[in-house]
Amino acid sequence: MKNQIPNFKTKLPEWGTSIFTVMSKMAADHNAINLAQGFPDFNCDDDLLELVQHYQKKGFNQYAPMPGVPVLRRAISEKIEKLYGKFYDPESEITVTSGATQALYTAITSVVKKGDEAIVFEPVYDSYVPDILSNGGKPVYIPLNPKDYTYDWEKVRNKISDNTKLIILNSPHNPTGSLLSNDDIEELEKITNGTEILIISDEVYEHIVFDGAKHISLSESEALAKRTFVISSFGKTYHTTGWKMGFCAAPEYLTSEFRKMHQFIVFSSNTPIQFAYADFMKNEEKYLSLSDFYQKKRDLFTSEIQNSNFVTKDCAGTYFQLLDYSEISDLPDMQFAEYMTKKVGVAVIPLSPFYEKRQSQPIIRVCFAKTDEVLKKSASIISKL
Ligand code: PMP
Ligand code: GLN
């Protein structure tokens, strides 16, 4: 008898490998400068490395408590209260996760059931929709205004139905760098008032906002905080994306569902790193200076390419810059990104994978979390186009 391969149906028929993986591999294969996937090309702080080693040597190498080590949960709670004025009980409202990616999946799988609708905004960060679909949910796409990537709340009102379970927001926004405003918060309060709608607020770039702007966390709104999972990532804040550590702050009734899932997805996250972050976070300067640090990089890169044929879009936060290449090429964005990587030697991210219909626009994303030397070198290369 022939040993047949079982015939099963994929849960994600429209999805292949993430664009970040595809472009990083292409960059490595073709020896291109990688301005594609978002990660710093410089090391994290030595003190942080020493703290991790310290806790490893001290023997903190076994399972952490399922919701995270208490000192870290307390440190997170204190930071949120100080910055945003909202107290989350570390015992029952804060959970440490293995990256924001896991926190997002865990929050979505905690609440989305078959047939539930979840509103997402296009361009949309790549993990939200697969998370919704793999739980039998239906993503409802709403475009951000194509000019400045702001929200059109009338469109949101029109898309809300009896099945709307969730709205997923991301500010500062990847890939566009736009920010939620106080008016947006007010609109969201009005729209959700009296409904059963829950919110996930992806705030992984909370400490990277520019030109004097202030990050607005959903935890600042009393009404919204009651229905929101606030998610952030240590990876972005401390230049440690490879450590995959994040957290979720949410009211107790949501955190208890979140933890039910969390315990069976990862159970707990890296122990010595949690202790190290708890100590390291005491130095506020490290995260309070991050916006200035990245603003200098944004400004360096944009000034170095100002005479090029790329047109820069506004970037109010994150470490990503959008570039319009319509004066350089008519190629669709996937092909242009491939050309940039293979022929020009600078890898970038096309924007179409952030859209439901994958429609091409002449826009690419670059990551400026790179050394000044690499920023200057890549700017000089792409300025020749
Ligand atoms: N959300 C957004 C908007 C991101 O850009 C990222 C970047 N990686 C994540 C979530 C995931 O964060 P982490 O690396 O902590 O999983
Ligand atoms: N968030 C990063 C980006 O937008 C990538 C993270 C990942 O590769 N999953 O580039």
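None of the values given here were measured: they were computed from a predicted structure.

## Overview of the site of ligand 2
With respect to spatial proximity, the complete set of residues near ligand 2 consists of Phe-20, Gln-37, Gly-38, Tyr-125, Asn-174, Tyr-205, Lys-236, Phe-320 and Arg-365. Here an oxygen atom of ligand 2 and a side-chain polar atom of Gln-37 are 2.7 Å apart. Expressed as a share of its isolated accessible area of 300 Å², the protein-covered part of ligand 2 is 81%.

## Focus on the site of ligand 1
Inspection of the region around ligand 1 gives 13 residues, with Thr-101, Asp-202, Tyr-205, Lys-236 and Lys-244 positioned closest. Lys-236 places a side-chain nitrogen or oxygen 2.6 Å from a nitrogen atom of ligand 1. Lys-244 is positioned with one of its side-chain polar atoms (N or O) 2.6 Å from an oxygen atom of ligand 1. Against a free-state accessible area of 390 Å², the protein chains account for coverage of 93% of ligand 1. Top element by residues in the shell around ligand 1 is helix 4 (residues 99-111). It accounts for four residues. Within the shell around ligand 1, the residues separate by chemical class into five nonpolar, five polar and three charged.

## Structural notes on the sheet that holds strand 13 (residues 363-367)
Sheet architecture is open: four strands sit in the order 9-10-13-12, paired in antiparallel fashion. Edge strands, defined here as strands with exactly one partner in the open sheet, are strand 9 (311-312) and strand 12 (349-350). Pairing geometry for strand 12 and strand 13, over two bridges, is antiparallel. Note on strand 13: the bridge partner recorded for Ile-349 is Arg-365.

## Observations regarding the environment of Tyr-55
Examined against the element boundaries, Tyr-55 turns out to sit in helix 2 (residues 46-57). The class of Tyr-55 is buried, set by a relative accessible area of 11%. Between the C-alpha atom of Tyr-55 and that of Ile-273, which follows or precedes it by 218 residues, the distance is 7.9 Å. Beyond its immediate stretch of four places on either side in the chain, Tyr-55 contacts Phe-60, Pro-272, Phe-275, Ala-276 and Asp-279.

## Focus: helix 10 (residues 252-265)
Between the first and last C-alpha of helix 10 there are 19 Å, a value that for 14 residues agrees with the 20 Å anticipated at 1.5 Å per step. By the burial criterion, the buried members of helix 10 are Leu-254, Thr-255, Phe-258, Arg-259 and His-262. Directly beyond the C-terminal end of helix 10, a positive phi value near 70 degrees is found at Phe-267.

## Quick look at the sheet that holds strand 2 (residues 94-97)
In space, the seven strands of this open sheet follow the order 2-8-7-6-5-3-4, with mixed pairing throughout. A strand with exactly one partner marks an edge of an open sheet, and here the two such strands are strand 2 and strand 4 (138-143). Strand after strand, the sheet turns through a mean of 20 degrees between neighbouring axes, direction not considered. Of the pairings in the sheet, the one linking strand 7 (residues 228-233) to strand 8 (residues 246-249) comprises four bridges and is antiparallel in character. Opposite Ser-233, over in strand 8, you have Gly-246 as the bridge partner. The sheet strands contacting helix 4 are strand 2, strand 5 (164-170), strand 6 (198-202), strand 7 and strand 8, and the helix crosses strand 7 at an angle near 165 degrees.

## Structural notes on the environment of His-239
Positionally, His-239 belongs in the loop between helix 9 (234-237) and strand 8. Relative accessible area serves as the criterion here: at 19%, His-239 is assigned to the buried category. The spatial distance from the C-alpha of His-239 to the C-alpha of Leu-49 is 11 Å, given a sequence separation of 190 residues. Those residues within four positions of His-239 in sequence are excluded, and the remaining contacts are Pro-40, Phe-42, Asn-43, Cys-44, Phe-234, Leu-290, Phe-293 and Tyr-294. Among the polar contacts listed, one links the side chain of His-239 to the side chain of Tyr-294, at a separation of 3.3 Å.

Reading the values: the criteria
Residues numbered from 1 in each chain as written. Chains lettered and ligands numbered in written order. Predicted model: local features only at pLDDT ≥ 70, side-chain atom pairs only at ≥ 80, totals over all residues. Heavy atoms only, no water. Near = heavy atom within 4 Å. Polar contact = N/O pair within 3.5 Å; in protein donor to acceptor, adjacent residues only side chain to side chain. Areas by Shrake-Rupley, 256 points an atom, 1.4 Å probe, with all protein chains shown as cover. Helix = DSSP H or I, 4+ residues; strand = E, 2+ residues; numbered from the N terminus. Nonpolar A, V, L, I, M, F, W, Y, C, P; charged D, E, K, R; others polar. Pairing = 2+ DSSP bridges. Buried < 20%, exposed > 50% of the residue type's maximum accessible area, 1.4 Å probe, protein only. Contact = heavy atoms within 4.5 Å. Expected span 1.5 Å × (residues − 1). Axes fitted to C-alpha atoms, helices over the stretch in contact; angles between N-to-C directions.

The values are spatial; any link to function lies outside them.
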